[in-house]
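Fold and contact review
This is what each chain is made of:
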Amino acid sequence: MFNSCQTNKNISDNNSQNMNTKKNDKNYVILFVWDGLRPDVLTDLKAKKLIPNLLYISENGVEFKDNHSAYPTFTMNNAQAFATGDYAGKSGFYGNNLYQPWRANKEFGVATNASGNNITSTFLSPIFTEDYKILKALDQPNNIQANLDEPLVQVSTLLQEAQKLGMTTAVIGKSGPAFFQDFRSGGYILDENHVWPLSFAKELQAKNVKLPKLTENAYNKGEFILALDNGNPTASDPIIRLAESKEISDPSIATNSPFNKKNEYMADVFLNHILPTKLPQLSVVWLRNPDSTQHAYGPGTLPYYDALRSNDLILGDINKKLKEIGIYDKTNIIIVSDHAHSNIVATKRNDSEGFPQLMYPMHDIANGKISNKTSSEKIVHSISNQKMLFTNGYSTSGTIRTADLISKAQLKTPSGNIIAAYDGGGCSFNMPMSGIRNEDGSININSLGYNPADGSCIDDSKKNSAYTSPSYLVPNDISNKNGVNKIVVAANGGSDYIYIPNHDINIMKSLVNFFQRRQEYSVIFVDENRYPIGENFPRGVLPLSYVKLENKDGRNPDMVISVTSNPNVIVNGLPGTEFDSTDGDTERGDHGTFGRTDVHNTLLAFGPDFNSQMKNNLPTGNVDVAPTIANILGFKLHNTDGRILYEAIKNSGYNQESYKIEPITVTSSSSCELEIYEPTTHPINFNLNSKNRFIDPELNSYYSQLNNKMLISKEGIKHVYFDFAEAKRQKDCPNVGLALFHNSNNNN
C-alpha cells in the first residue's frame, strides 16, 4: 500500500540549482487569491481609497470582466479548480463539506487533523476539508490494490507539473485551499497551521521567526520543537458578538477585520524569508480575507472594507519587494477570487410589480440587541432599469437546516418508509438568523422555527435551552431498518450535497419533490449514472454532467441543490442575497449558490506576459487560471477543462475578436401540479393540514434553467461557461422539456 505522505526531503539543494541555473528563462508568477472578493469592488466608491494597488492592476493590466467561479461556488471546490484546471467531475474532489465514509476504514490507517487529534471515525459524518491534514488523510493513492486507490484528485496539478520540471514553488496562506495547491508537499509551504519542509521550519526558527502554533504536529514526535516564546502568530482576533447571543456578530459596532493580523504575518514571512531567498518561479498566496470577514459580518460592513484595506497593503508590499530584489519587471501577478459573496437574507418571489420581496423584515441593532424592524425601499436602477429592493438595517433571517426540514416534512417513499436526514451537526441555537423575530425584535415563541427548552438540547454553558433545530448526528447504522430510509446531507451554505447510501430511486424522487415545493431551494442536479435519463428520471431536474459534476468513479453526491439567491436585493449597500444551508452554524454572509452574485468573481492579471490596459469582455473561468500559468511558465497541462487565456497574453496571435460568444439556455422538463410553500425557512409537515396556511397560491409548477455562454475560437474550438442557474416556479404548466446539452470542451 502506498499512502500519501509529506516527505522530509531537504529541497534546498534543488532550490539552489534552480536559482542559479534555471532550466528556462520564463518569468515568475505570483497567484494571489483574495478569498471571496466580489468583482464590484472595482467600482465601489466606498472601497476606492482603500484599494489603490488593486485598482492600479485593474487599470494597467488585464481586467477579466466576465469571470466565472466553478460551481458549486465553494472555496475548496475552486481550490481544486485552481490546482488542476478542471471541474470537480474530472478531478474527483468536491469540497467544502464532504461525506467520505470510506476513509474511516482501518485499511487506510489513522487520520489526524492539524491539531493532532484522531479523526478517523469523524469521516462517518460529513467533514469540513479546510485542514491540511484532512486533505492528506483523503489522499490515499494505491498502485497495487485498485479497490484502495483513493488519490485526493484523479488528475495531475499545476504545481506537481512545475516541480517535475525542477521549478521552485511556494504556497502561503489559508489552511486548506492554500495547501491544496501543493498537497504532496513538493515545495515550500506556510499555511495557518504548519511550515514545510523541516529544514525550512528550522531555518525560520533560527532567524527567530515565529511559526504557526501547530507546526510541531506536521512532524514526528520530537522532530521539531517550537520555541517557548513562539506564541500563536496565526491566531484570529475575536469576533464582536451581539450582547443577546454569542451565535452571531454585531456589525453595528464592529469596525475591524479579525483576520488581518494572521494574513499580515504570513505575508511578512513570504516577503522576507521566501521570495528573496528561495526565488520561487511559482508562488500561490491565498488569504482568507475578505471572505472570512464577510462570513462573520456580511459584505458591505465596515469590517469588510477593513479587510480590503489590509489585503491591498499586502499587495503593495509585494510590489515593493519585487522591485527591491530586482524582479518586478519579470513577475506576473494574477489576482483572483475563488467566488464572490452574498448577504444572508430570506427573500420571496417578486411582487406583482416585479420587485423583490423579503420574507421577514430587516431590523435595527441597539445596544447589542435586535430591536425594531426597518423599512425597505423599491428602486429602479438608473442604468439597467432593473427593479431592486434597497434594505435598511440588519438581517434576522435566511438560515435553513436541510436535515431538519427534510426530517420534519415526514416524507415517505411509495413503500411507506419515512425519510430521515442527518448532517452530522448538533443542536442549533440560532435565534438571530432563523426568521423568528417579532416586529419589536423580540423572539416569536410561537414560530415553527422556535423550540422551547425541553431537555433535547444543552448549550455550551450546560444549560437546558430553547433551540432552533435538534441534533442530527449521523447514526452508526445508516441502513434502512425499522421503516426508516436514512440519507446524509453535507450542508455547504449556498448548496447542499445529498448522499443516498443505497441509491434508491424512490428516495431520490421524494427528495426532488421536497426541494421543488420549498422555495428556499433553487436548481436541482441529479446523478444520471445512478438514476439514468429516461421515463424514471425525475421531471424538473438537470443531470450532474450538464455542469461537469458527474465523476467516472461515482465520487459525486447523488444530488446537488443550490439554495435560492436574489441579485436584486441590496444589503449594506451591496446587491446579492441568498438563503444559507447549515448544519447548525450561524453567519451573516455566504456563497456556494449557482446565482449570478456568487458565480461572477474577480480575475485580474498584470506583468510582462500580459497585455496592458485591457478590458477582456470574453467569458473566462477559474478553471482557466492553471493552464494559463502553465503556458506562461513554458509547459502544458494536458486535457484540462479550462483553456489558455490567449487573448490576454502578449504576442499570442489572439485578441478578443478571435472568438465569438453564443448564449445557450438549457432547461429541464417541467414538474407540474405541485403544492408549493412560501419560504418560511421553518419545518413544514407535508402530511398535516397545518401546511395549507403556507401554500403559495400563485405557484404550482417547477423547472430548472441553466444559462451558459459558449466561447468559440477562430479555429472552432469550443468552451462552455456556466453563467448561472435557477429554479423557475410559476402558475400553470410551462411547455419545456429536458434539452440535450453537450458541454464537453473539444480541445485544450
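The text that follows walks through the structure, step by step, so that each part is easy to find. (Residues numbered from 1 in each chain as written. Predicted model: local features only at pLDDT ≥ 70, side-chain atom pairs only at ≥ 80, totals over all residues. Heavy atoms only, no water.)

Spanning 19 residues, helix 9 (residues 260–278) covers 25 Å between terminal C-alpha atoms, matching the ideal 27 Å at 1.5 Å per step. Its maximal kink placed at Phe-270, helix 9 deviates by approximately 35°. Leu-279 sits one or two residues past helix 9 and shows a positive phi near 45°. (Helix = DSSP H or I, 4+ residues; strand = E, 2+ residues; numbered from the N terminus. Expected span 1.5 Å × (residues − 1). Bend = angle between axes of the 7 residues up to and from the residue.)

Before going further, it helps to spend a moment on the environment of Leu-699. Secondary-structure assignment places Leu-699 in the loop between strand 32 (671–672) and strand 33 (701–713). Residue Leu-699 is classed as buried on the basis of its relative accessible area of 8%. Sequence separation of Leu-699 and Phe-128 is 571 residues, and the distance between their C-alpha atoms is 36 Å. In this structure, Leu-699 is in contact with Arg-349, Gln-519, Leu-674, Ile-676, Arg-729, Gln-730 and Lys-731, ignoring residues within four places of it in sequence. (Buried < 20%, exposed > 50% of the residue type's maximum accessible area, 1.4 Å probe, protein only. Contact = heavy atoms within 4.5 Å.)

Strands sit in the order 15-16-24-25-10-27 across an open sheet of 6 strands; the sheet is mixed. What marks the edges here is a single partner per strand, and that holds for strand 15 (377–380) and strand 27 (589–590). Bridging between strand 10 (residues 342–344) and strand 27 involves 2 bridges; their strand directions are antiparallel. Residue Ser-342 lies in a different strand from strand 27, and its bridge partner there is Asp-590. (Pairing = 2+ DSSP bridges.)

Summarising the element assignment, Val-380 is placed in strand 15. In this structure, the C-alpha to C-alpha distance between Val-380 and Phe-355, residues 25 residues apart in sequence, is 9.0 Å. Contacts of Val-380, omitting those with residues within four sequence positions, involve Phe-355, Asn-385, Gln-386 and Lys-387.

This part covers the state of the cysteines. Here the structure, examined in full by the defined rule, presents 2 disulfides. Note on cysteine connectivity: Cys-427 is disulfide-linked to Cys-457, with sulfurs 2.1 Å apart. Linking Cys-427 and Cys-457, the disulfide has an S-S dihedral of approximately -80° and is accordingly described as left-handed. One end of the pair, Cys-427, is in the loop between strand 18 (418–422) and strand 19 (484–491); the other, Cys-457, is in the loop between strand 18 and strand 19, and 30 residues separate them in sequence. The disulfide that involves Cys-672 links it to Cys-733, with 1.9 Å between the sulfurs. Across the S-S bond linking Cys-672 and Cys-733, the dihedral sits near 70°, which makes this disulfide right-handed. Taken together, the positions of Cys-672 in strand 32 and Cys-733 in the segment after strand 34 (718–730) put the pair 61 residues apart, joining distant regions of the chain. Shown here for the protein chain is a disulfide pattern of 1-2, 3-4, where each number marks a bonded cysteine counted in sequence order. (Disulfide = S-S within 2.5 Å.)

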